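What follows is each chain in one-letter form.
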Amino acid sequence: MGNRERIDKLKQRISELELRNSLFLEHRWVFFFLADTETLKFVEFNRVAHEILGYTREEFEALTLPDILAISEQSVYVEQVEKGVGSGEHTFESAIRHKDGASRNFMMSIRTVCILGRQYIHAIGLDITEQKNVEMKLKESDARYSAICDLIPNGIAILEKGTILFTNRAYAHMLGYKSAEEIMGRPIWEIAPFLNCSDNRKSSLDLCLQTNTPAGYVIDQAVKGCDGQIIYLEIFCRIPLRC
C-alpha cells in the first residue's frame with residue numbers, strides 16, 4: 001500500500017469519526033461543552049448548548065462558565081477542577097441561567113479531562129426543566145387536594161386491597177389517632193376493626209374494595225378505635241371510575 005493510499009484511508013477514517021462525533025454532539029436533547037480549567041472559557045460546545053440558553057454561537061463563545069451558573073452552583077464545578085483528572089464523574093442537578101436571566105434545570109455529568117497536556121471540564125447535560133415543572137405542578141395539586149380534604153368534616157379514605165393509601169385528618173381523628181400519617185399504609189382492618197360484622201355485610205364491603213365494579217355501598221358499622229372505644233360509623237364505599 002502506497003503512502004498516498006494510506007493517507008486517503010486515514011482521511012476517510014477521520015471523516016467517519018468526525019461524522020459520528022457530530023451526530024452525538026448535535027443530538028437535540030444533549031447539552032455539551034468543554035471549558036478550560038484555567039480561563040473557564042468554552043473551547044468547544046454543541047448547538048444545543050447555546051440555543052437552549054438563548055445565545056448565538058458567537059455570543060456563547062465570548063462567555064465563561066461562571067456567566068451561565070448561579071453563584072450557588074459554581075462550587076460544584078470548582079470542586080471538580082480541584083480534584084483533577086482521574087477523579088471520576090460527578091452527576092447532579094444544576095440550575096443554568098438563560099440569556100434572559102431565567103433558570104433552566106439540567107441533569108449534568110461532569111469530569112476533568114486532559115487533552116494535549118491541558119485540563120478541561122467536560123460536561124454533558126440533559127434539560128429537565130419541563131419535567132421539574134410538571135413535578136412542581138403535581139406537588140402543588142396534591143397539596144391543594146390534601147388541604148381541601150382536611151377541611152372536610154367527614155372522614156375520607158382511599159384504599160387499595162384494604163390498605164389505606166390516603167386519608168384525611170377527620171377520619172384519623174374520629175378513630176382516635178392524632179394524624180392521618182399514623183394510619184396511611186396500614187390495613188383498614190387493623191386500624192378500625194369491624195365489630196359484630198355479618199358475613200353478608202363484610203362480603204359487600206369486600207366486593208366493593210376488591211372488584212372492578214364501580215358499585216357503591218352504604219352500611220352502618222361499629223368499629224373499634226385505637227383506644228378500644230367503640231365508634232358507630234355510616235360508611236359509603238365505592239370504586240371510582242378510571243380512565
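The rules behind these values
Residues numbered from 1 in each chain as written. Predicted model: local features only at pLDDT ≥ 70, side-chain atom pairs only at ≥ 80, totals over all residues. Heavy atoms only, no water. Core = buried A, V, L, I, M, F, W, Y, C linked by side-chain atoms within 4.5 Å. Buried < 20%, exposed > 50% of the residue type's maximum accessible area, 1.4 Å probe, protein only. Helix = DSSP H or I, 4+ residues; strand = E, 2+ residues; numbered from the N terminus. Contact = heavy atoms within 4.5 Å. Pairing = 2+ DSSP bridges. Phe/Tyr/Trp six-rings, centres within 6.5 Å; stacked < 30°, edge-to-face > 60°.

Structural notes on the nonpolar core
So, step 1. Within the largest apolar cluster, 22 residues are counted, with the highest numbers of intra-cluster contacts made by Phe31, Phe33, Phe42, Phe60, Ile68, Tyr77 and Met108.
So, step 2. For this core, the secondary-structure elements that each account for two or more residues are β1 (30–36), β2 (42–45), α4 (71–83), β3 (90–97), β4 (103–115) and β5 (118–127).
So, step 3. Apart from the residues lying within four places of it in its own chain, the contact partners of phenylalanine 33 are Phe42, Glu44, Phe45, Leu65, Tyr77, Met108, Ile121, His122 and Ala123.
So, step 4. Formed by 15 residues, the second largest nonpolar core is a distinct cluster that contains Ile183, Ala192, Val223 and Ile231.

Quick notes on the pairing of strand β7 (residues 163–167)
So, step 1. Here four bridges tie strand β6 (residues 157–160) to β7, and the two strands are oriented antiparallel to one another. Residue pairing for β7: glutamate 160 is matched across the bridge by threonine 163.
So, step 2. Taking the residues that link successive antiparallel strands as the turn, the β6-β7 hairpin has two residues, and the phi of lysine 161 there is positive, at about 55 degrees.

Considering the packing of aromatic side chains
So, step 1. Applying the stated rule across the entire model yields seven aromatic pairs.
So, step 2. With centroids separated by 5.1 Å and ring planes inclined at 75 degrees, the aromatic side chains of phenylalanine 33 and phenylalanine 42 adopt a geometry described as edge-to-face.
So, step 3. By relative accessible area, phenylalanine 42 is classed as buried at 6%.

Observations regarding the pairing of β4
So, step 1. The sheet contact formed by β3 and β4 spans eight bridges and is antiparallel. Along β4, the bridge assignment pairs histidine 90 with isoleucine 110.
So, step 2. Turn length for the β3-β4 hairpin, with the two strands adjacent in sequence and antiparallel, is five residues, and the turn residue glycine 101 shows positive phi of about 100 degrees.
So, step 3. Pairing of β4 with β5 involves ten bridges; the strand directions are antiparallel. When the sheet's bridge partners are listed, isoleucine 115 is paired in β5 with arginine 118.

From the geometry alone we can't say anything about function, so treat these as descriptive.
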